[in-house]
Amino acid sequence: MTSSTVAGQGHGTLADQAYRSIADRLVTLQIRPGEPINDERIAGELGFGRTPVREALKRLEHERLIVAYPRRGTFATEVQIADLGHISEVRLQLEPLAAALAAERASDGDRAGLDRLLAQLAKSSDGEGDLIRLDMTLHRAIYAATRNPYLEDTLIRYDNLATRIWCLFLDRLPDLAGHVHEHGPLLSAIIDRDAEKAKALAASHVKGFEVAIRSVI
């Protein structure tokens, strides 16, 4: 996978930029579960000072992507398959809500952006890294269109955890492209302001994700 981060997240402070870069590495397993996190090395790789990296690591610890142990150091969290049900339980409530709100609240600019993503989806490659990042970008565009920053932040956190599980089993999942392309009808429903259809499609997508993972574990 490439080291480019997910599109459409803006710039923000240095800590925000460090957070997005490190989170991307953790979610896509460029930093493997259980791997030690060295803030000085990461700061050097990213071209940031240690202070924004440390701020980013505190946020990532709160989001359960890393864990710090006294006198032992900081590590990427292990992926616990037992968490799949808990994560899916939350997403099954919030993803349909976000899709419906996006359909109701998306501005003309949001809808134009979703339309561009729909076109990008139609011509997307089958490369694993590209598809994973496109999937994340699609989700984040929908979350942003809800115009609810608290819901957006919450869903990004749970989507990160879900995507990390997905990446762990990527070589055993048979239809990555099909899973990502399920977003086509969902994006169309949001663009058309069909909240009920968007809600149903989002629920189906989350259920399908959990079924797919459970079929290979």
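Residues numbered from 1 in each chain as written. Predicted model: local features only at pLDDT ≥ 70, side-chain atom pairs only at ≥ 80, totals over all residues. Heavy atoms only, no water.

Peer 1: Sorry, what's going on with the pairing of strand 3 (residues 73–76) here?
Peer 2: Residues in a regular strand project their side chains so that they alternate between the two faces of the sheet. In the sheet, strand 1 (residues 36–37) pairs with strand 3 via two bridges, with the strands oriented antiparallel. Counterpart to Ile37 in the pairing with strand 3 is Thr74. Note that strand 2 (residues 66–69) and strand 3 share four bridges and pair antiparallel. Bridge pairing in strand 3 places Tyr69 opposite Gly73. Counting the residues between successive antiparallel strands, the hairpin from strand 2 to strand 3 contains three residues, one of them, Arg71, with a positive phi of roughly 65°. (Pairing = 2+ DSSP bridges. Helix = DSSP H or I, 4+ residues; strand = E, 2+ residues; numbered from the N terminus.)

Peer 1: Could you clarify how one ought to interpret the pattern of salt bridges in this entry?
Peer 2: Two side chains bearing opposite charge may form a pair once their charged atoms approach each other closely. Tallied over the full model, the rule gives 13 salt bridges. Residue Glu45 is joined to Arg25 by a salt bridge in which the shortest nitrogen-to-oxygen separation is 2.6 Å. Placement of Glu45 in helix 2 (residues 39–46) and of Arg25 in helix 1 (residues 14–27) is noted, with a sequence separation of 20 residues between them. Residue Glu45 is classed as partly exposed on the basis of its relative accessible area of 43%. The closest approach of N and O atoms between Asp159 and Arg140, which form a salt bridge, is 2.8 Å. Remark: Arg140 occurs in helix 6 (residues 128–145) and Asp159 occurs in helix 7 (residues 149–168); sequence separation between them is 19 residues. You can call Asp159 buried: its relative accessible area is 2%. For Arg140, a relative accessible area of 6% translates into the label buried. Salt bridges linked by common partners bring Arg91, Glu95, Arg140 and Asp159 together as one network. (Salt bridge = Lys/Arg side-chain N within 4 Å of Asp/Glu carboxyl O. Buried < 20%, exposed > 50% of the residue type's maximum accessible area, 1.4 Å probe, protein only.)

Peer 1: Teacher, can you tell me more about unusual backbone geometry here?
Peer 2: Excluding glycine, most residues fall at negative phi; most peptide bonds, likewise, are trans. One non-glycine residue, Leu29, adopts positive backbone phi at about 65°. Of note, Leu29 is situated in the loop between helix 1 and strand 1. On the basis of relative accessibility, which here comes to 6%, the residue Leu29 falls in the buried class. Even without glycine at this site, Arg193 takes up a positive phi of about 60°. Assignment of secondary structure puts Arg193 in the loop between helix 9 (183–191) and helix 10 (195–214).

Peer 1: Which parts of the structure should I look at to understand the side chain of His205?
Peer 2: Mapped onto the elements, His205 comes out in helix 10. Classification of His205 as buried rests on a relative accessible area of 6%. Separated by 3.5 Å, the side chains of His205 and His183 make a polar contact. For His205, the residues in contact, after removing those within four places along its chain, are Asp135, His139, His179, Glu182 and His183. (Polar contact = N/O pair within 3.5 Å; in protein donor to acceptor, adjacent residues only side chain to side chain. Contact = heavy atoms within 4.5 Å.)

Just distances and angles here, no functional claims.
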